[in-house]
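# Structural features, examined
In case you want the letters, here they are:
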Amino acid sequence: LQILYFLLPVIGLVAIADGVISFGAALVNKRERGNKWQVAMASTYSGHTIICGIGKVGFRVAVELLKFEREIVAIEVNPQGRFIEKAKNLGIPVIIADAQRSENLRKAGVEQADAIIPCTDDELTNLDIALDAREINPGIKIVMRMFDPDLAQRIEKGFGIHTAFSVSALAAPIFAAASMRVNVKASFYVNDTLMNISEQVIDPDSPLLGWTVERLESELDCSVVSYTQDDRLELHPPASLRLQSGSRIMVMGTLEALNRLEALIHPRKAKSRARGQATGGSSAGGKSSGGSSAGG
């Protein structure tokens, strides 16, 4: 007891000194202190979405989720990432850690999360994160960033992951469709059919003037998504609404349907294009025949 009597003050002083040193180290190490604060913020979230990888894609996904008023926690392995501060400025906790480690997913609150989006530049890393998240939280919604469409399809079927998107597969249709003359804003596949959303402004001499939305959809085999007239927007306009000059419509359909629509909306352009093609064909034919004549 006498020994303990003399040791207790020493032990107390050591404990105090250790606390002061730890506090001083945390005060000096701003990065570590900041990361602990981000983890502390993430621990208060529930029903949120975790984004793994705050690069170009991850940051854009975060911005879109915020439009849906979703709470987000991000994990980024690179402390020098260019989008980290931008994400923090949007109120998103960003944990600097390797998302492939289960303990870091737990720090982001994966047990309470509603969804997780692994969108790093490495599809195998994304798969590893997705499987770890599924093991910790079997009911979590997983949306993966993939590059190989065949691998994406196998993962979706074989691992039971809700959705596995190939970024290149998503981008390819709109690149192809945008090269057409129908002002395509978005493209996507419905089974094997490529559907496109096109924005058009109706010309004053268009034969569509006076047509109802119902007639347009029936005769051209497309769907009118929105109708704007005098800055007044109508989503899913009524079937009886009649088209007017200068009105702006968003229409969904195949490229064939949209090409027919474009020819009716802009008849002068369609005729001019047809004359140009005919003239080009005649000129080419003339040159060919001239060459034959010269050869003769």
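For clarity, every value in this text was computed on a predicted model and none was experimentally measured.

Structurally, the position occupied by Asn196 is in strand 8 (residues 193-201). A distance of 2.7 Å separates a polar atom in the side chain of Asn196 from a polar atom in the side chain of Ser187. Apart from the residues lying within four places of it in its own chain, the contact partners of Asn196 are Ala177, Val184, Ala186, Ser187, Val251, Met252, Gly253, Thr254, Leu255 and Leu258.

To continue, consider the confidence of the model for the chain. On average, residues of the chain carry a pLDDT of 84, and 86% of them reach 70 or more. Per-residue pLDDT, averaged within each element of the chain, yields its smallest value for helix 11 (residues 267-295) (54) and its largest for strand 2 (residues 72-76) (97). Throughout residues 26-31 the model reports pLDDT below 50, and contacts reaching past four residues in sequence, or to other chains, amount to 4 contacts. Scored below 50 in pLDDT, residues 283-296 makes 0 contacts in the model with residues more than four places away or belonging to other chains.

Take the packing of aromatic side chains next. What the rule picks out here adds up to 1 aromatic pair. Ring centres of Phe59 and Phe83 lie 5.2 Å apart, and the angle between their planes is 25 degrees; on these two criteria the pair is classed as stacked. Of the two residues, Phe59 is situated in helix 3 (residues 56-67) and Phe83 in the loop between strand 2 and helix 4 (84-89); the sequence distance between them amounts to 24 residues.

Now for the sheet that holds strand 11 (residues 248-253). Judged by pairing direction, the sheet is antiparallel, and its 5 strands sit side by side in the order 7-8-11-9-10 without closing on themselves. A strand with exactly one partner marks an edge of an open sheet, and here the two such strands are strand 7 (184-190) and strand 10 (232-235). Taken over all neighbouring pairs, the strand axes of this sheet differ in orientation by 15 degrees on average, direction set aside.

Here we come to helix 9 (residues 213-220). The complete set of buried residues in helix 9 reads Val213, Leu216 and Leu220. For helix 9, the angular spread of buried residues about the axis comes to 65 degrees, placing them on one side. Facing away from the buried side of helix 9, by more than 90 degrees, are the exposed residues Glu214 and Ser218. Buried positions along helix 9 lie against strand 9 (223-229), strand 11 and helix 10 (255-265). Remark: Asp221 follows helix 9 within two positions and exhibits a positive phi of approximately 55 degrees.

Grouped together as the largest cluster of nonpolar side chains are 27 residues, with contacts concentrated most on Ile50, Cys52, Ile75, Leu105, Ile116 and Met144. For this core, the secondary-structure elements that each account for two or more residues are strand 1 (49-52), strand 2, helix 6 (123-136), strand 5 (141-146) and helix 7 (149-158). Residue contributions to this core peak at 5 residues, all from helix 6. The contact partners of Ile116, leaving out residues within four places of it in the chain, are Ile50, Cys52, Leu105, Ile129, Ala133, Ile140, Lys141, Ile142 and Val143. In this structure, Val182, Ile202, Ile249 and Ile265 belong to the second largest nonpolar core, which totals 20 residues.

Let's shift gears to the sheet that holds strand 4 (residues 115-118). In space, the 6 strands of this open sheet follow the order 3-2-1-4-5-6, with parallel pairing throughout. A single partner strand is all that each edge strand has here, and the edge strands are strand 3 (94-96) and strand 6 (163-166). Along the sheet, successive strands turn relative to each other by an average axial angle of 15 degrees, direction set aside. Together, strand 5 and strand 6 form the strand contacts of helix 8 (residues 167-178), whose direction differs from that of strand 6 by roughly 55 degrees.

Sheet topology places strand 5 next to strand 6; 4 bridges connect them, and they run parallel. Counted as the bridge partner of Arg145 is Phe165 from strand 6.

If the charged atoms of two oppositely charged side chains come close together, the side chains can form a pair. Evaluated as defined, the whole model comprises 9 salt bridges. Residues Arg70 and Asp114 are paired through a salt bridge, measuring 3.1 Å at the closest nitrogen-oxygen approach. Pair noted here: Arg70 is in the loop between helix 3 and strand 2 and Asp114 is in the loop between helix 5 (102-107) and strand 4, with a separation of 44 residues, a long-range link. Relative accessible area serves as the criterion here: at 27%, Arg70 is assigned to the partly exposed category. Between Arg101 and Glu103 there is a salt bridge, and its shortest N-O distance comes to 2.8 Å. When its relative accessible area of 46% is taken as the criterion, Arg101 is described as partly exposed. Classification of Glu103 as partly exposed rests on a relative accessible area of 37%. One continuous salt-bridge network, built from bridges that share partners, spans Lys185, Glu199 and Arg248.

Rules and cut-offs
- Residues numbered from 1 in each chain as written.
- Predicted model: local features only at pLDDT ≥ 70, side-chain atom pairs only at ≥ 80, totals over all residues.
- Heavy atoms only, no water.
- Helix = DSSP H or I, 4+ residues; strand = E, 2+ residues; numbered from the N terminus.
- Polar contact = N/O pair within 3.5 Å; in protein donor to acceptor, adjacent residues only side chain to side chain.
- Contact = heavy atoms within 4.5 Å.
- pLDDT = per-residue confidence, 0-100.
- Phe/Tyr/Trp six-rings, centres within 6.5 Å; stacked < 30°, edge-to-face > 60°.
- Pairing = 2+ DSSP bridges.
- Axes fitted to C-alpha atoms, helices over the stretch in contact; angles between N-to-C directions.
- Buried < 20%, exposed > 50% of the residue type's maximum accessible area, 1.4 Å probe, protein only.
- Arc of directions from axis to C-beta.
- Core = buried A, V, L, I, M, F, W, Y, C linked by side-chain atoms within 4.5 Å.
- Salt bridge = Lys/Arg side-chain N within 4 Å of Asp/Glu carboxyl O.

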